[in-house]
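Results of the structural survey
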Amino acid sequence: MKAAPDTAAFFAVVADKSDGTALRGNYGSADAQYVVRQDMAAYTPAEQARWRRLYQRQAGLLPGRACREFIAALTALQAEAAIPDLARTSLALRRATGWSLVAVPGLIPDEVFFTHLANRRFPVTVWLRAESEFDYVVEPDLFHDYFGHVPLLFNPLFAEHMQQYGKGGLRALGGGHLALLARLYWYTVEFGLIDGADGLRAYGAGILSSAGEIDYCLHDRAPLRLPFSLARCMRTLYKIDAYQETYFVIRSFQQLFDETACDFMPIYAQLQNEPTIAAGA
Ligand code: HBI
Ligand code: FE
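Residues numbered from 1 in each chain as written. Chains lettered and ligands numbered in written order. Predicted model: local features only at pLDDT ≥ 70, side-chain atom pairs only at ≥ 80, totals over all residues. Heavy atoms only, no water.

**A short note on the overall build of the chain**
To keep it simple, the criterion reads: The way it works is that DSSP assigns letters per residue, a run of H or I at least four long becomes a helix, a run of E at least two long becomes a strand, and they are numbered from the N terminus. C-alpha atoms define the radius of gyration in this analysis, and the globule rule sets the expected value at 2.2 Å times the number of residues to the power 0.38. Exposure categories follow from relative accessible area, calculated using a 1.4 Å probe and restricted to protein chains: below 20% of the type maximum is buried, above 50% is exposed, and the middle band is partly exposed. Accessible surface area values rest on a Shrake-Rupley calculation with a 1.4 Å probe, where residue burial reflects the displayed protein chains alone. His is not counted, nor are the chain ends, whereas Lys and Arg count as positive and Asp and Glu as negative. A charge is said to be at NZ when it belongs to Lys, at CZ for Arg, at CG for Asp and at CD for Glu.
When helices and strands are tallied, the chain shows 13 helices and six strands. By the compact-globule yardstick of 19 Å for 281 residues, the chain fits well, its C-alpha radius of gyration being 18 Å. Taken across its 281 residues, the chain has 53% of its residues classed as buried. Within the structure as shown, the chain displays about 11,800 Å² of accessible surface, and the carbon and sulfur contribution to it stands at 54%. Charge separation in the chain, taken as the distance between the mean sites of 26 positive and 30 negative side-chain charges, equals 4 Å.

Structure below.
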């Protein structure tokens, strides 16, 4: 997810749904959990064509770059031909890992977001980027959320990690530690790399839904590629509107799950007094 420059500003507006029009999505019709109805009839032929072009371009970049679990799950979704119906995907997803998708108008407040994850519900934005945003969109749109995030929710270990992240997010919010946890999400769920039997591959949604970064993250000499370390990850700042300067590499989803299963409170306490690390340091 390419979070908006200042998500706090988004949430300030989102919190006051009355002027939701200031935001991209239609927050006015959202319920208390910021869920809206996905109106399949509202997508125009141009948007359907744009979905197919986005999908085809990105799918062509996956072999040799995306982890095999991602490619297998995406293929099984058969979502190339048309904008997917989230309720239909949820039927298959529930059977696989107990997760379901909820349609949202866009970015939603942290606490609402984490509550969904803690209950195995993944928020998917209902609108698709405009033609002028084909290569880059500031906020997460339907293509980023669905193509980037949904496939790995079919992987039991990753699905478990995502629910734990949601529960951790609610605890972190309570203790004022959100910034640390947001960096963990950013450097794993959004921009994570995995070095397993197939060699170095991408598993982060922000990479897998990006035409440019998917090759850069694996082959460019510029960025750092560090072995995953929870503390280092939580201390490392990130840039939201440029390719990453640091990537963290796990060996397996089991490792990610194991290393983030602990209670983070002691780590938060330790990191409170340690300086942050610049993105490329
Ligand atoms: N809302 N819809 C949506 N999608 C996100 O990825 C998201 C969000 N709200 C908050 C948020 N992400 C971040 O604050 C967390 O990833 C830390
Ligand atoms: Fe995202």
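Right, picking up where we left off after that structure.
**Overview of the layout of surface pockets**
How we decide: Note on definitions: the grid is 1 Å and covers protein atoms alone; a cavity is a set of points where a 1.4 Å probe fits but cannot get out; a pocket is an open set with protein on both sides within 12 Å along at least five of seven lines; lining residues have an atom within 4 Å of a point. Grid points are joined across faces, edges and corners, and a volume is the space filled by probe spheres set on the points. Polarity classes work like this: nonpolar for Ala, Val, Leu, Ile, Met, Phe, Trp, Tyr, Cys and Pro, charged for Asp, Glu, Lys and Arg, and polar for all others, with Gly in that last group.
In this structure, the second largest pocket encloses a volume near 280 Å³. Lining the second largest pocket are 15 residues, and of these Leu77, Gln78, Arg88, Thr89 and Tyr146 sit closest to its centre. Elements supplying a minimum of two residues to the lining of the second largest pocket: helix H3 (68–77) and helix H4 (86–97). Residues belonging to the lining of the second largest pocket are distributed by class as follows: 11 nonpolar, two polar and two charged.

**Remarks on helix H6 (residues 142–149)**
The buried count for H6 comes to eight of eight residues, which makes it a mostly enclosed element. Those residues of H6 lying buried are Leu142, Phe143, His144, Asp145, Tyr146, Phe147, Gly148 and His149.

**Considering the confidence of the model for the chain**
We count it as follows: pLDDT is defined as a per-residue confidence score from the predictor, taking values between 0 and 100. For this analysis, residues touch if any pair of their heavy atoms sits within 4.5 Å.
Averaged over all residues, the pLDDT of the chain equals 92, while 92% of them reach at least 70. Segment residues 1–7: pLDDT under 50, and 28 contacts once partners within four positions in sequence are set aside and those in other chains are kept. Note that pLDDT drops below 50 for residues 13–21; the model gives that stretch 17 contacts with residues more than four away or on any other chain.

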